[in-house]
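# Breakdown of the fold
Residue-level listing of the chains:
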Number of protein chains: 2
Amino acid sequence: MESPAIAVDLAAIREAHARIMGHVERTPVMTCRALDAAAGARLHFKCDNFQEVGAFKARGAANAVFSLTDAEAARGVVTHSSGNHGAALAWAATRRGIPAWIVMPENAAAIKQANVKGFGGQVRLCAPNVAAREAACAAVQAETGATLVHPYNDWRVIAGQGTAALELLADVPDLDAVITPVGGGGLLSGTAIAARSLRPGIRVYGAEPKGADDAQRSLAAGRIIPQTAPKTIADGLLTSLGERTFAVISRAVDGIGTATEEGIVGAMRLTWEKMRIVVEASSSVPLACLLERTIDVSGLRVGIIISGGNVDLDRLPWQR
Amino acid sequence: MESPAIAVDLAAIREAHARIMGHVERTPVMTCRALDAAAGARLHFKCDNFQEVGAFKARGAANAVFSLTDAEAARGVVTHSSGNHGAALAWAATRRGIPAWIVMPENAAAIKQANVKGFGGQVRLCAPNVAAREAACAAVQAETGATLVHPYNDWRVIAGQGTAALELLADVPDLDAVITPVGGGGLLSGTAIAARSLRPGIRVYGAEPKGADDAQRSLAAGRIIPQTAPKTIADGLLTSLGERTFAVISRAVDGIGTATEEGIVGAMRLTWEKMRIVVEASSSVPLACLLERTIDVSGLRVGIIISGGNVDLDRLPWQR
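Residues numbered from 1 in each chain as written. Chains lettered and ligands numbered in written order. Predicted model: local features only at pLDDT ≥ 70, side-chain atom pairs only at ≥ 80, totals over all residues.

### Describing the environment of Asp213(B)
All names here are of chain B. For the record, the criterion: Strands are runs of DSSP state E lasting at least two residues, helices are runs of H or I lasting at least four, and both sets are numbered from the N terminus onward. Backbone-placed C-beta atoms define the burial measure: a residue is buried with 20 or more other C-beta atoms within 10 Å of its own, exposed with 12 or fewer, and partly exposed in between. Two residues qualify as a contact pair if the distance between their C-beta atoms, derived from the backbone, is within 7 Å.
Mapped onto the fold, Asp-213 is located in the loop between β8 (203-209) and α10 (214-221). Owing to 21 C-beta atoms within 10 Å, Asp-213 belongs among the buried residues under this scheme. As a C-alpha pair, Asp-213 and Asn-63 span 150 residues in sequence and 28 Å in three-dimensional space. Beyond its immediate sequence surroundings of up to four residues, Asp-213 is in contact with Glu-208 and Thr-258.

### Overview of the interface of chain A and chain B
Rules: Ten residues, namely Ala, Val, Leu, Ile, Met, Phe, Trp, Tyr, Cys and Pro, are considered nonpolar, four, namely Asp, Glu, Lys and Arg, are considered charged, and the remaining ones, Gly among them, are considered polar.
In this assembly, 17 residues from chain A lie in contact with 17 residues from chain B. By residue number, the principal contributor to the side of chain A that touches chain B is helix α12 (residues 261-275) of chain A, which donates 3 residues. Tallied by class, the residues present in the side of chain A that touches chain B amount to 7 nonpolar, 4 polar and 6 charged.

### Remarks on the packing of helix α8 (residues 155-171) of chain A against helix α9 (residues 186-198) of chain A
Residues and elements named next belong to chain A. The criterion, for reference: Angles here are taken between N-to-C directions and fall from 0 to 180 degrees, while the axes themselves are lines fitted to C-alpha atoms, restricted in helices to the stretch in contact. Every angle not falling under 35 degrees, over 145, or within 65 to 115 is termed oblique; those three ranges are roughly parallel, roughly antiparallel and roughly perpendicular. Here a crossing is taken to be left-handed if its near helix is turned anticlockwise relative to the far helix by less than a right angle, and right-handed if that turn runs clockwise.
Packing of α8 against α9 leaves a shortest axis separation of 7 Å and a crossing angle of 50°. Taken together, α8 and α9 sit at an angle that is classed as oblique. Viewed along their axes, α8 and α9 form a crossing whose handedness is right-handed. Contacts between α8 and α9 involve Val-157, Ile-158, Ala-159, Gln-161, Gly-162, Ala-164, Ala-165, Leu-166 and Leu-169 on the former and, on the latter, Gly-186, Leu-187, Ser-189, Gly-190, Thr-191, Ile-193, Ala-194, Ala-195 and Leu-198.

### A look at the nonpolar core
Put simply, the test is: One nonpolar core equals one set of buried Ala, Val, Leu, Ile, Met, Phe, Trp, Tyr and Cys residues connected by C-beta atoms within 7 Å.
Grouped together as the largest cluster of nonpolar side chains are 215 residues, with contacts concentrated most on Ala58(A), Ala61(A), Leu89(A), Ala58(B) and Leu89(B). Among residues more than four places away in sequence, those in contact with Ala58(A) are Val24(A), Gln51(A), Glu52(A), Val53(A), Ala88(A), Trp91(A) and Ala92(A).

### Focus on the sheet that holds strand β9 (residues 255-259) of chain B
All names here are of chain B. Cut-off, in case you're wondering: For two strands to pair, DSSP has to find at least two bridges joining them.
The 6 strands are arranged β1-β2-β10-β7-β8-β9 in an open sheet whose pairing can be described as mixed. If you trace the sheet from one side to the other, it starts and ends with β1 (29-30) and β9, each paired once. Sheet analysis places strand β7 (residues 177-181) next to β8, joined by 5 bridges and oriented parallel. Residue pairing for β8: Ala-177 is matched across the bridge by Arg-203. Across the face of the sheet, α10 comes into contact with β8 and β9 while running at roughly 145° to β9.

Below you can see the structure in the form of structure tokens.
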């Protein structure tokens, strides 16, 4: 299969930023001497855990929802997600005053279903497999005319996710490198396009769990190698790359680091203790890669995008 | 006993701010729609949990340490504290390159002793009572010539703590009210002086646990009523007012709210969940007072100083 042309550039990310300002938070960039010392680099954390929905996913969802024509918007949006994208799409749709249907596997945690409903989304349950999920989305589309907003394999979503790096580099223009977690690859793709355009010599890395290392294997193979049985606490990073995100990442990313489960939990706890912010396990993978030296940025100025802070406070991973 | 003259004014707080800038963080002010809705007011959280030592105590300690003459400084500083002030004084002394002796009760948690040592302080253990503590401090002073820096009943410390409100009102000039936790009263005193001077009509409130309500009782009685058997999870708020903090608070504070233990734990958890920041129990008492309606600021623009974020992540209060 031919790799698709990359349909997002810096101009598209700037347009997305103008579109979603006033909806998403312009999140702060934080630093921490203790983590700098541990990592041997100067770290700048872009705190998208502070978005109202608790994740960067607000950016892509808002860009997609506010890109729709009024006629399209009136018919609503639909997606499949058991995590932050579903909540973010519900949130963005509510802000535009349109319906959002979120297809979730019937075994999705009650707290996640409640979260989607809390932001105004309508939950549609399906069997926990890809075929059932796609059928459920197609059924909603056929029934309502809603627009599908894929969690990552969508240029509007990728452009929206790129706005985090746009803000990060506006605040810290002299970064040498930027690192994001990589699951489906929307955040990493948007970040790579924004960062490379603004600062061509910058290094861009993805970070993923060893137990869900499809991005690293896909880049090595030169083709998408789907994640078949992911096993990691970083539950935002279970998915495989899409053809669009693979097209961007294979061209614009310098490498993918991987982290052990112990490393991820340790980095998560260290962030809570030293920075006093609540980050989810998926967001701790970049720091874990630095501490385990699977990404080498010693002595450099490094941006890390903290992807989210939605955590079940009754079940913290270091207490299991 | 005659109430002491108040030796701190806005000029002293501005001087303190100039003195400690470059040492303490200029912490951000955060907002949260979900907490606004819960409290029925527009809340602005001054996040001093993001100080390097994890607490506003860095401000007063730095002001005291950097106020010393070189000759005084060379002999070091001493204090008694089992909590954030001890760590902060050790941190500030290390930044000036001078010794700090921290007298702690021998039953202080190992993690707290390690924290003081981690910031370069020298721990002196004593029996867990006031007489032993004062004797230990006096012994260090006699031995070394170190300057005592009391945790709150010290004008340099009070002026330093007032810098948080200075920054808060610079960032959000139109606040109608400001609330801080009250233990010994250093933060509340400094806040009251700064806020009243900058904005005379502003309301200033203290917030304390019902299980350690000496400030409320002292204000009602018109004299210091010491806390004899405090019982609360908010372990930063166990102490009684001092004569200096009582002098300020009795003249410049509009009222003291109290919160139940359940309310404090609930407010703490809500802050972690909705704001995604790590705050300690003591810092959650102002929000708890709003949610339990023991402080009435409905519909107003309210500043809350988040005093700290030092928490034992292995023992969270909602899991006990």
